[in-house]
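Results of the structural survey
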Amino acid sequence: MSMDEPVDEENGGRMRWPMSLVNTILVGVCAVGALVCFVLGAQIAGVALLLGAIGGGVGAILARRSGSGDLERVNALEYADERDRAAAAKGLAVVGVLALVLSAVQIIVHAAVDTDPVSRTMAIITFFALVICWFAANWFFVRRG
């Protein structure tokens, strides 16, 4: 191990993983999803997921640098303090509202354009999953204080 490699002093001097567990999972899911899409012949979806994996991984690694800014850390889900977490919570709340609206629009499009049953069912399941998650999160955080 060279002296230039990052070490985690709190972890007995061992090298620290370059990104958070959340980012590791997100990058891994995107990379595996890209591979599956390429194998199935869905090249555009594969490229989109591969770009997501690369962009997410690079962004997460760069956000852990000592000179990274608030926006860089929040965008990469690599929070350094409570200010980062508070900004991320507000940003993700906006994303959640948009996801609910777009999911409802997707169901309307599926009703207007006679689409295949699998896509329509997935749109409905996604909508209800978002609504249930939203209710559960609201219940949890209202009770928590």
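Right, let's walk through the structure included here. (Residues numbered from 1 in each chain as written. Predicted model: local features only at pLDDT ≥ 70, side-chain atom pairs only at ≥ 80, totals over all residues. Heavy atoms only, no water.)

Description of the overall build of the protein chain
Note the cut-off: Think of it this way: any DSSP run of H or I at least four residues long counts as a helix, any run of E at least two long counts as a strand, and we number them from the N terminus. Only C-alpha atoms enter the radius of gyration; for comparison, a globular chain is expected to reach 2.2 Å times N to the power 0.38, where N is the number of residues.
Looking only at helices and strands, one finds five helices and zero strands in the protein chain. Secondary structure elements of the protein chain occur, N-terminal to C-terminal, as α-α-α-α-α. Computed over its C-alpha atoms, the radius of gyration of the protein chain comes to 19 Å, more than 25% above the 15 Å expected for a compact globule of 145 residues. In terms of its C-alpha atoms, the protein chain occupies a principal-axis envelope of roughly 60 × 45 × 25 Å.

Comments concerning helix α4 (residues 82–112)
Heads up, the rule is: Each helix should span, by expectation, one fewer than its residue count multiplied by 1.5 Å. Contacts between residues were defined by any pair of non-hydrogen atoms, one from each residue, lying within 4.5 Å. Within 3.5 Å is the distance limit for a polar contact, defined as a pair of N or O atoms, with the added protein rule that one can donate a hydrogen and the other accept it, and that residues adjacent in sequence qualify only through two side-chain atoms.
In this model, α4 (31 residues) spans 45 Å end to end at C-alpha, consistent with the 45 Å of a helix rising 1.5 Å per residue. Buried residues along α4 sit in contact with α3 (70–75) and α5 (117–144). Residue Asp81 occupies the N-cap position of α4, its side-chain oxygen lying 3.2 Å from the main-chain nitrogen of Arg83.

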